[in-house]
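# Analysis of the macromolecular model
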Amino acid sequence: MSKNVIFYARYSSDLQDEQSIETQVALGRAFADERGWQIVEVFEDKAISGTRLKTRPGIQAMLRRIKRGGIDLLLCMSVDRISRDMEHSSGILKQLRHHGVELWTVQNKAPVNDMELGLRSIINHDMIEQTRYKTREGMKTSVRKGKAAGGIAYGYRMKLEHDDKFNRIAGLREVDEGQAEIVRWIFGQYAIGRTPSDLAIDLNNRVPPVPGPRGLMWRDTAIRGHRDRGTGILNNETYVGRLVFNRRQFRKNPETEQREARMNDKSEWVVGEVPELRIIDDELWSKVKKRQIEVEASFAHTSTNRLNRAHRPQYLFSGLLECGLCGGTYSTTANARYGCKNRSKHLPIEHLGNNVCPNSKTISRAELERRVLDAIPANLLSVESTTSIVSVRRADFSYRDL
């Protein structure tokens, strides 16, 4: 008997081949054709972890489509394509059952029952946790041996060295003298009183320009970083010949599905001595640390802008506005007015020919909020919107009555 089928496909990482989606869909269509089923729609998520649910646009669109009705079966390659989280897997199956939709996998050629879903979810969850643990412990061992556990920091390049079997030894670094000179200049200039913003502007305005970390334009945040977290040029202890790993751990917030950093106790930090990677001497490093503490102390006496020790106040449109010219964020500046952040920081924009954004327009926060809030009732309750809503509700009632 013919059935209306939705097929869902997903792969997890940018490192995986995008053709994985095509392969999954092709196998799904062949499976459906053998049984005389009709795949009416295909939903997909590319390079998104199966531990997420709310932030996966493909699966959210799929669930909305199922709620509209007319679907008999959800088909995927295997259960882990739907989710690798126990809670999410159970919740999705409950939704499918509520709407009378079966869950099938191409791998097992059968419908998925509660026991199978539960067991596979537990196995997938445990596999992820074991992989995380083994990866982290392996990185700790590498740091203890003086090998880098992460990416290549500014001032260094990959060192090519092979073992007895001619395999490249991973994690080895060596000083890039060109970048190391920039690091020394940044430390020296900051120690005599210049700000990270001034240094970023100076580096971007050089002829020829000096590429920043990862080849991007310089940003003051890349220089300043966070002293306690060890981020940013001014806080990278590798410059004094010391690799520090496991400062922080990351936990996923179940509400936002975003990772949140938590500082580990210093007893859990892993330190490896790498004197061959030293770029900054101890005296200059101490001067920079002393000035950072002085700057933080001076801001601690003010009621606002305590650097990274307190979040700025959140307003109605915080994080939602962007500049129409450069695409950068529009944030509150002086006198509670919104303006282009890239322009206020004099940051060069690549797609504007490395020029500073020319958008000098600002608007008061109160005026912007008033305009938008006043426009919502007029647009939401217009004749066209009301007619559209009524039409959708009528269609919904008609379907339910069938």
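Residues numbered from 1 in each chain as written. Predicted model: local features only at pLDDT ≥ 70, side-chain atom pairs only at ≥ 80, totals over all residues. Heavy atoms only, no water.

Moving on, we get to the confidence of the model for the protein. For the protein, per-residue confidence averages 85 on the pLDDT scale, and 89% of positions sit at 70 or higher. With pLDDT under 50 throughout, residues 306-311 is counted as low confidence; its partners more than four residues away or in other chains account for 10 contacts. (pLDDT = per-residue confidence, 0-100. Contact = heavy atoms within 4.5 Å.)

Right, let's get into the packing of helix 6 (residues 177-191) against helix 7 (residues 196-204). For the pair helix 6 and helix 7, the least separation of the axes is 10 Å and the interaxial angle reads 140°. On the basis of the axis angle, helix 6 is oblique to helix 7. Remark: the crossing between helix 6 and helix 7 carries right-handed chirality. Taken together, the residues of helix 7 that come into contact with helix 6 (itself represented by Ile-182, Trp-185, Ile-186, Gln-189 and Tyr-190) are Pro-196, Leu-199, Asp-202 and Leu-203. When grouped by side-chain class, the residues that make up the contact of helix 6 with helix 7 number seven nonpolar, one polar and one charged. (Axes fitted to C-alpha atoms, helices over the stretch in contact; angles between N-to-C directions. Helix = DSSP H or I, 4+ residues; strand = E, 2+ residues; numbered from the N terminus. Parallel < 35°, antiparallel > 145°, perpendicular 65-115°, else oblique. Left-handed = near helix turned anticlockwise from the far one by under 90°. Nonpolar A, V, L, I, M, F, W, Y, C, P; charged D, E, K, R; others polar.)

Since the α-helix packs 3.6 residues into each turn, any two residues three or four apart lie on the same face. Taking 1.5 Å of rise per residue, 13 residues should cover 18 Å, and helix 4 (residues 86-98) covers 19 Å from first to last C-alpha, within 8% of that figure. Where the residues of helix 4 are buried, they touch helix 2 (57-67), strand 3 (73-76), helix 3 (79-82), strand 4 (102-105), helix 5 (114-144) and strand 9 (248-252). Between the side-chain oxygen at the start of helix 4 and the backbone nitrogen of Glu-87 there is a gap of 2.9 Å, and the oxygen is on Asp-85. Immediately downstream of helix 4, the backbone of Gly-100 shows phi near 70°, a positive value. (Expected span 1.5 Å × (residues − 1). Polar contact = N/O pair within 3.5 Å; in protein donor to acceptor, adjacent residues only side chain to side chain.)

On the secondary structure map, Asp-85 appears in the loop between helix 3 and helix 4. Asp-85 gets classed as buried once you look at its relative accessible area, which sits at 16%. At a separation of 3.0 Å, a polar atom in the side chain of Asp-85 contacts the main-chain amide nitrogen of His-88. Contacts of Asp-85, omitting those with residues within four sequence positions, involve Gly-50, Thr-51 and Lys-252. (Buried < 20%, exposed > 50% of the residue type's maximum accessible area, 1.4 Å probe, protein only.)

The next point concerns helix 1 (residues 19-35). For helix 1, spanning 17 residues, the distance from its first C-alpha to its last is 25 Å, which sits close to the expected 24 Å at 1.5 Å a residue. Regarding helix 1, the residues found buried are Ile-21, Gln-24, Val-25, Gly-28, Phe-31 and Ala-32. Angularly, the buried residues of helix 1 cover 125° about the axis, an arc narrow enough to put them on a single face. Across from the buried face of helix 1, at angles greater than 90 degrees, the exposed residues are Glu-22, Asp-33 and Glu-34. Packing partners of the buried residues in helix 1 comprise strand 1 (4-10), strand 2 (38-45), strand 3, helix 3 and strand 4. Following helix 1 by one or two positions, Gly-36 adopts a phi angle in the positive range, close to 75°. (Arc of directions from axis to C-beta.)

With that settled, consider the pairing of strand 8 (residues 242-245). Residue alternation in strand 8 divides its side chains into a buried set, Leu-243 and Phe-245, and an unburied set, Arg-242 and Val-244. With four bridges joining them, strand 8 and strand 11 (residues 270-273) adopt antiparallel strand pairing. The residue bridging Val-244 from the neighbouring strand is Val-271, located in strand 11. (Pairing = 2+ DSSP bridges.)

For the rest of this paragraph, the subject is the pattern of salt bridges. In the structure shown here, the tally under the stated rule is 29 salt bridges. Measuring nitrogen to oxygen at the nearest pair gives 3.2 Å for the salt bridge that ties Glu-102 to Lys-3. Taken as a pair, Glu-102 in strand 4 and Lys-3 in the segment before strand 1 lie far apart in primary sequence, 99 residues in all. For Lys-3, a relative accessible area of 18% gives the class buried. A salt bridge links Arg-97 to Asp-114, with the nearest nitrogen and oxygen atoms 3.2 Å apart. Here Arg-97 is found in helix 4, whereas its partner Asp-114 is found in helix 5, with 17 residues between them in sequence. Accessibility expressed as a relative area gives 44% for Arg-97, which makes it partly exposed. Among the ionic contacts, a cluster of salt bridges with common partners joins Glu-367, Arg-370, Arg-371 and Asp-374. (Salt bridge = Lys/Arg side-chain N within 4 Å of Asp/Glu carboxyl O.)

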